[in-house]
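# Commentary on secondary and tertiary structure
Listed below are the residues making up each chain.
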Amino acid sequence: MIPTPALSFPPILPELALLGAAIVGLLYEAVARRPGRRLHLTIGIAGLVGAAAATIRLWNWTGPAAVMGNMVSVDRFSVVSRLLLLSIAAMGLVLGAHYLSRSGDNPRGEFFPLVLFATIGMTLITAAADLIVVFLGLEILSIALYVLAGYYRRKAESQEAAIKYFVLGAFSSAFFLYGVAMAYGATNSTRITTIANALAGRTGSQGLALLALAFLAVGFGFKVSAAPFHMWTPDVYQGAPTPVTAFMSAATKAAAFLALARVLDVAFQPLTWDWTPVIWALAAFSIVLGSVLAIAQTDIKRLLAYSSIAHAGFILTGLSAGDDTGIRAAMFYLIAYAAMTVGAFGIVMLVSARGEEQTSLVAYEGLSKRSPYLAALMTVFMLSLAGIPPTAGFIAKVNVFTAAIGAGHWPLALIGVISSVVAAFFYLRVLVLMYMREPLGEQDEDRSALPRVVLAVPAGVTVAFGVFPGLIAGIIEKAAVLRW
């Protein structure tokens, strides 16, 4: 007889709740004569709330560390990761609903189920206890994002973004799958804890394990937009609808980094001295390249795309420490980055007015006079992205630099500090345009109330965690201990 694993459904209830809401949304779109976006949004938010409630119940889980045949981990790390991703998805749905309502292009309603399907893949990889599950989760989120990137079929830029993302994404998936195969060849297993035990006991092939690590690094590097695997990022961020870009830039990066942390610090923890130089090099290259190339950008979405490459390097700086301190620093950075990047792209959506008509930096000239509220919110997000106090971005950078220095990587921290000074130029340039220039011509930004109120949430988080980082530090400290 083939042994069947015991099924424990509570640890995967968040994914089941999201799946149920996504299916209901698809059926509603197919059956209803005139499907409305408000009901689509309600269904999506209900699924996210149900998933969040199921996730919170796992905080004090007393059962086994892995369930479903040791394929899904149940720990506080996965709880915090899921809650972060669900929060980003909620912001993405609200911004997307408003974007679709004003687009005037008679958009289809599958936007909302696609966001939920992508979120399922994201939450799954952060809780995965097996490399096969990580791969499946990556494919689930990638396929949904390919479609979302090309959501507007009549826009050439959107279609170009989808094609580039799909082709390069398939390329990176092949590398990741090769890495999984090599890991199995090295240790006779794809389970993360089994790989760790085999490498720690030197019962596996270290050469194959290092080859597996190299292939997996390529796959993860693509998802987190780390240089030199960043080529798709500027074009896709610019061509995709702005709410999709906001969701993609924050959620995909968070999910991939959290999964990478589990793979590196659990599966390949015995090889820390081998993979640390690789992470060091990727971090330095990403920070320098992103900070320098962003200076030449004249489109705000491309500027934020190169900014995201630099921030990927900062997060890698924390992970390069190879210990719990580095994981805590990376988790705080991801929370801060999610708030400030979703907020920044939300402002871009409102300033762009109808569609994607005003994404050049010129559109921000005199914004403080046309809309002081939007200018104030954008100021908070730009200062945080630059790492200027009293914002969460400043605390996040201090944390990753401290972790790197504690591990003896002071040259990497020095590169990060110098690059942060360089990067401050293009963030402050946006502030100069908003406050020190007069508006050119008639530029009418979106004045709707709902998105303006919603964007106050990430702004509040950015300031609150910058002034009082202890509000979240205790939770992160409990969650950053990976069970194996």
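For the structure, check the block above.
Residues numbered from 1 in each chain as written. Predicted model: local features only at pLDDT ≥ 70, side-chain atom pairs only at ≥ 80, totals over all residues. Heavy atoms only, no water.

### Section: the packing of aromatic side chains
The condition is simple: Here a pair means two rings of Phe, Tyr or Trp (six-membered ring of Trp) with centres within 6.5 Å. Their orientation is stacked below 30 degrees between planes, edge-to-face above 60, and tilted elsewhere. Only DSSP runs of H or I covering at least 4 residues are called helices, and only runs of E covering at least 2 are called strands; the numbering of each starts at the N terminus. Relative accessibility under 20% of the residue-type maximum defines a buried residue, over 50% an exposed one, and the middle range a partly exposed one, all with a 1.4 Å probe and only protein chains included.
Across all of its chains, the model carries 17 aromatic pairs by this definition. Geometrically, the ring pair formed by Tyr237 and Phe345 is edge-to-face, given 6.1 Å between the ring centres and 80° between the ring planes. Placement of the pair is Tyr237 in helix α9 (residues 233–239) and Phe345 in helix α13 (residues 324–351), with a sequence separation of 108 residues. Residue classification places Phe345 among the buried residues on the basis of a relative accessible area of 1%. With a centroid separation of 6.3 Å and 20° between ring planes, the pair formed by Phe314 and Tyr333 is classed as stacked. Remark: Tyr333 occurs in helix α13 and Phe314 occurs in helix α12 (residues 300–319); sequence separation between them is 19 residues. Just as Phe314 is buried, Tyr333 falls in that class too. In textbook terms, an aromatic cluster arises when at least three aromatic residues are bridged by ring pairs, as seen for Tyr146, Tyr165, Phe166, Phe222, Trp232, Tyr237 and Phe345.

### Topic: unusual backbone geometry
Between Ala227 and the following residue, Pro228, the backbone shows a cis peptide bond with an omega angle of 10°. Looking at where Pro228 falls in the secondary structure, it is placed in the loop between α8 (206–223) and α9. Across the junction of Pro389 and Pro390, the peptide omega takes the value 5°, indicating a cis bond.

### Let's talk about the packing of helix α10 (residues 242–267) against α12
Condition: Here the axes come from fitting lines to C-alpha atoms, over the contacting stretch only for helices, and the angles between their N-to-C directions go from 0 to 180 degrees. Roughly parallel means an angle under 35 degrees; roughly antiparallel, over 145; roughly perpendicular, 65 to 115; everything else is oblique. Crossing handedness is read from the near helix: turned anticlockwise from the far helix by less than a right angle, it gives a left-handed crossing, and turned clockwise, a right-handed one. For this analysis, residues touch if any pair of their heavy atoms sits within 4.5 Å. Just so you know the grouping, Ala, Val, Leu, Ile, Met, Phe, Trp, Tyr, Cys and Pro go in nonpolar, Asp, Glu, Lys and Arg go in charged, and all remaining residues, Gly too, go in polar.
Interaxial distance between α10 and α12 falls to 12 Å at its minimum, and their mutual angle equals 15°. Judged on the interaxial angle alone, α12 and α10 are roughly parallel. Viewed along their axes, α10 and α12 form a crossing whose handedness is right-handed. Seen from α10, the contacting residues are Thr242, Thr245, Lys253, Phe257, Leu260 and Ala261; seen from α12, they are Lys301, Ser308, Ala312, Ile315, Leu316 and Leu319. For the contact of α10 with α12, a count of residues per class yields 7 nonpolar, 3 polar and 2 charged.

### Points about helix α15 (residues 372–386)
Rule in force here: To estimate how far a helix should reach, multiply one less than its number of residues by 1.5 Å.
For α15, with 15 residues, the first-to-last C-alpha span of 21 Å sits near the 21 Å given by 1.5 Å per residue. Across the 15 residues that make up α15, a large majority, 11, are buried. Listing the buried residues of α15 in full gives Leu374, Ala375, Leu377, Met378, Thr379, Val380, Phe381, Met382, Ser384, Leu385 and Ala386. Packed against the buried residues of α15 are α12, α13, α14 (367–370), α16 (392–406), α17 (410–436) and α18 (449–467). Gly387 sits one or two residues past α15 and shows a positive phi near 80°.

### Quick word on the side chain of Thr123
Defined as follows: The term polar contact refers here to a pair of N or O atoms within 3.5 Å; inside protein, the definition further demands a hydrogen-donor-capable atom paired with an acceptor-capable atom, and it admits residues adjacent in sequence only when both atoms are side-chain atoms.
On the secondary structure map, Thr123 appears in helix α4 (residues 111–127). With relative accessibility at 2%, the residue Thr123 sits in the buried group. A polar atom in the side chain of Thr123 sits 3.0 Å from the backbone oxygen of Ile120. Contact partners of Thr123, with chain neighbours within four places excluded, come to Glu15, Leu18, Arg82 and Leu85.

### Here's the deal with the pattern of salt bridges
For clarity, the cut-off: Put simply, a salt bridge is a Lys or Arg side-chain nitrogen that is within 4 Å of an Asp or Glu carboxyl oxygen.
Applying the stated criterion to the full structure yields 6 salt bridges. In this structure, a network of salt bridges that share partners links the residues Glu160, Lys164, Asp235 and Arg302.

### Focus: the environment of Thr187
Among the secondary structure elements, Thr187 is positioned in helix α6 (residues 156–187). Using a relative accessible area of 9% as the deciding quantity, one classes Thr187 as buried. Measuring from C-alpha to C-alpha, the distance between Thr187 and Tyr99 comes to 48 Å, with 88 residues separating the pair along the chain.

### Some remarks on the environment of Gly219
Among the structural elements, Gly219 can be located in helix α8. Classification of Gly219 by relative accessible area gives buried; the value is 2%. Note: C-alpha distance between Gly219 and Thr359 (140 residues apart in sequence) is 30 Å. Apart from residues no more than four positions distant in its own chain, Gly219 is found in contact with Ser172 and Phe176.

### So, helix α19 (residues 470–479)
Quick note on the threshold: In this description, the arc belongs to the directions extending from the helix axis to the C-beta atoms.
Turning to α19, its buried residues are Ile472, Ile476 and Ala479. One face of α19 carries all of its buried residues, which in axial projection span an arc of 60°. Pointing more than 90 degrees away from the buried face of α19 are the exposed residues Gly470 and Lys478. Residues of α19 that are buried in the fold lie against α3 (76–103), α13 and α18.

### Observations concerning a nonpolar patch on the surface
Selection criterion: Distance thresholds for patches are 9 Å for like charges and 5 Å for nonpolar side chains (Val, Leu, Ile, Met, Phe, Trp, Tyr), applied to residues having over 30% relative accessible area and no salt bridge. Residue-level accessible areas treat just the shown protein chains as cover; the underlying method is Shrake-Rupley with a 1.4 Å probe.
On the surface, Val288, Val292, Leu293, Ile405, Trp410, Leu414, Ile418 and Val422 cluster together to form a nonpolar patch covering roughly 710 Å² of accessible area. Listed by contribution, the elements that provide at least two residues to the nonpolar patch are α11 (272–293) and α17. The element contributing the most residues to the nonpolar patch is α17, with 4 residues. Tracing the backbone through its elements, the reader meets Ile418 in helix α17.

### As for the side chain of Ser249
Tracing the sequence through the fold places Ser249 in helix α10. A polar contact is formed between the side chain of Ser249 and the backbone oxygen of Ala246, at a distance of 3.1 Å.

### Some points on the packing of helix α1 (residues 13–31) against helix α2 (residues 37–56)
Contact geometry of α1 with α2 gives a least axis separation of 7 Å together with a crossing angle of 170°. Considering the angle they form, α1 stands roughly antiparallel to α2. For the pair α1 and α2, contact is made by Leu13, Pro14, Ala17, Leu18, Ala21, Val24, Gly25, Tyr28 and Glu29 and by Leu39, His40, Ile43, Gly47, Leu48, Gly50, Ala51, Ala54 and Thr55, respectively. When its residues are assigned to classes, the contact of α1 with α2 shows 12 nonpolar, 5 polar and 1 charged.

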